[in-house]
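The chain contents come next:
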Amino acid sequence: MYIVAIIVEAMSAALAAGRRSMDWVGVCMLGSITALGGGSVRDMLLGHYPLSWVKNPHYLLITVAAALFTIFIARFMYRLRKIFLLLDAVGLVLFTVIGCNVALEMQQPFIIVITAGLITGCVGGVLRDMLCADIPLLFRSELYATVSVITGLIYVGGLRVELPHDLVTVLAMAVGLVLRIMALRFNWSMPKFVYTRDLH
Amino acid sequence: MYIVAIIVEAMSAALAAGRRSMDWVGVCMLGSITALGGGSVRDMLLGHYPLSWVKNPHYLLITVAAALFTIFIARFMYRLRKIFLLLDAVGLVLFTVIGCNVALEMQQPFIIVITAGLITGCVGGVLRDMLCADIPLLFRSELYATVSVITGLIYVGGLRVELPHDLVTVLAMAVGLVLRIMALRFNWSMPKFVYTRDLH
Amino acid sequence: MYIVAIIVEAMSAALAAGRRSMDWVGVCMLGSITALGGGSVRDMLLGHYPLSWVKNPHYLLITVAAALFTIFIARFMYRLRKIFLLLDAVGLVLFTVIGCNVALEMQQPFIIVITAGLITGCVGGVLRDMLCADIPLLFRSELYATVSVITGLIYVGGLRVELPHDLVTVLAMAVGLVLRIMALRFNWSMPKFVYTRDLH
């Protein structure tokens, strides 16, 4: 499942790279950074060494391969975009649960566990957008971060009240997944904060 | 005082988010990253774990609350902008002193202590600008970094010559504060380096 | 040699700062971050503390001095640009070899060693471009990352087959250097991936 998630993230980043006409090396790098960046930032912030891809270097190869592969199948991906968006949503909730688990194993307090899930789920996309010189989509789009926080809350809350681990995992991921898909389907979004005056 | 500083930083970041029409979640995230990012980068560079907000997770909640609060009072903030700029200047010198202290406790050499102060004081704003896809203001504006370096130099220098700790703290912060306010008042700035030729 | 490499990186970043009319402080900061950022990111990702410039703070001063110096000699640099591009290429292969060595000393596996070389050689420039709110040149230009990977492969491969260390170092750097210079001379580049359809 984790492998599927990093493949999907790498492929979506490869398409973003293609939209900016990056070269093949750039595509691979952006793919790897996007797929593995969220977990890396989480681990650096928590001081959780070694990082997952340093321990399992084949993750790096997988993301590079996924990005390269995307170059060749890009023309067919439009037709697959629904599956793709679904897999991306799976990646989001899965990364969130993985991130929560890392912090739980480190005995971190509740807020940090939720934050670790959020960082793992969302920072990869933020790095992708920063490297494309864009304002991160996350900061203005469809409940992406909100889904991550809710998934984390259900997961950690469920474990707190001592529900069985498998049930909590399935429940948290299912709720997050449904929420994300409905947000995409019905174009849900958070209210925007529009401020036009300069402070200085 | 530290709490006041992170609140002010989070609020100023929230206004920057509003200028880019981010949604509420984006406002909160940008607020937290800006307020806590400087200290986090300093700690990751120095290998100083755990990070302050990981140790005290309520700092995260405070910055999120400050950012949300800003959304509701934004319309009144223009009138308060002088107080705001003053608090922002207080935040800068306070963050600088805190950053110097962290490095001093780690027995770092002089240059690293000053650099730690500078990073703590300034990197939050740099992250904010990078996430807004802007060239960091810091790199082209009113003595912000210079004030941080001078504050750090007075603080560390004063401790070296064994002045009392409280006196040195007050002195360094007062000089930094006055300098920053005068820079704002009289539009002081460093000379610019303008280079128009392409190297390649 | 390392000193030359960080000086060259700092100077090239200073010119990039000049093209964006940054002030002198911004020039110095961009210079330091570009010159020392690649190694810093590598060390933070690998958990390799203390960072080189924290251990040797005079590296910081050297990069600041190089950036300041650039402001004064910028008008003459156009004439020196060939030497400059050569030194930049030397910096790339040298940083790569240094990065590989750090990972080798940590007993990291093959893929991580190559990646550490790539990060050390290339991330400084990526940070420079991000701070200038540009899409990193690395992602779309002349074999920069490719040269780094090939240099790393020859270096690590040569050590694996137990060639003498000096020979391998010279060989890897020479091949990387020639490749980079030929890429510049003949405008070699990797194929681009151009994708125009929006996924969403």
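Residues numbered from 1 in each chain as written. Chains lettered and ligands numbered in written order. Predicted model: local features only at pLDDT ≥ 70, side-chain atom pairs only at ≥ 80, totals over all residues. Heavy atoms only, no water.

A few words now on the relation of the copies chain C and chain B. Under the fitted operation, chain C is carried onto chain B by 0.0 Å of movement along the axis and a turn of 120°, and the coordinates agree to an RMSD of 0.0 Å. Interpreted geometrically, this transformation is the action of a three-fold axis. Among all residues of chain C, the minimum C-alpha distance to the rotation axis is found for C:Ala133, at 3.3 Å. Looking at chain C, a mere 11% of its interface residues are interface residues in chain B too, so the copies touch through different faces. (Least-squares fit on C-alpha atoms with pLDDT ≥ 70 in both. Contact = heavy atoms within 4.5 Å.)

Every contact between the two is made by 36 residues of chain C and, on the other side, 34 residues of chain B. Where chain C touches chain B, the interface holds zero salt bridges. Where chain C packs against chain B, one counts four residue pairs in polar contact (both at pLDDT 80 or more). Those elements giving two or more residues to the side of chain C that touches chain B turn out to be α1 (2-19), α2 (24-46), α3 (52-55), α4 (58-77), α5 (81-105) and α6 (110-131) of chain C. With nine residues, α2(C) is the single largest residue contributor to the side of chain C that touches chain B. Along the lines of polarity and charge, the residues of the side of chain C that touches chain B split into 27 nonpolar, five polar and four charged. (Salt bridge = Lys/Arg side-chain N within 4 Å of Asp/Glu carboxyl O. Polar contact = N/O pair within 3.5 Å; in protein donor to acceptor, adjacent residues only side chain to side chain. Helix = DSSP H or I, 4+ residues; strand = E, 2+ residues; numbered from the N terminus. Nonpolar A, V, L, I, M, F, W, Y, C, P; charged D, E, K, R; others polar.)

With respect to the helices and strands, the residue B:Arg42 is situated in helix α2 (residues 24-46). Residue classification places B:Arg42 among the buried positions, given a relative accessible area of 4%. (Buried < 20%, exposed > 50% of the residue type's maximum accessible area, 1.4 Å probe, protein only.)

So, on to unusual backbone geometry. The amide bond that connects B:Tyr49 to the next residue, B:Pro50, takes the cis arrangement and shows omega of -5°. Summarising the element assignment, B:Pro50 is placed in the loop between α2 and α3 (52-55). For A:Gln107, which is not glycine, the phi torsion reads 60° and is therefore positive. By the secondary structure assignment, A:Gln107 is in the loop between α5 (81-105) and α6 (110-131). According to the relative accessible area criterion, A:Gln107 is exposed, its value standing at 70%. Of note in the backbone geometry, A:Asn187 takes a positive phi value of approximately 55° without being a glycine. As for its placement among the helices and strands, A:Asn187 is situated in the segment after α8 (165-185). The class of A:Asn187 is exposed, set by a relative accessible area of 61%.

To continue, consider the packing of α2(C) against α5(C). Residue and element names in this part refer to chain C. Two elements in contact, α2 and α5, have axes whose closest approach is 11 Å; the angle formed by their N-to-C orientations is 20°. The pairing of α2 with α5 is recorded here as roughly parallel in orientation. With respect to the hand of their crossing, α2 and α5 are arranged in right-handed fashion. Residues Ala35, Arg42, Asp43 and Leu46 of α2 form the contact with α5, whose participating residues are Phe95, Ile98, Gly99, Val102 and Ala103. Partitioned by chemical class, the residues of the contact of α2 with α5 number six nonpolar, one polar and two charged. (Axes fitted to C-alpha atoms, helices over the stretch in contact; angles between N-to-C directions. Parallel < 35°, antiparallel > 145°, perpendicular 65-115°, else oblique. Left-handed = near helix turned anticlockwise from the far one by under 90°.)

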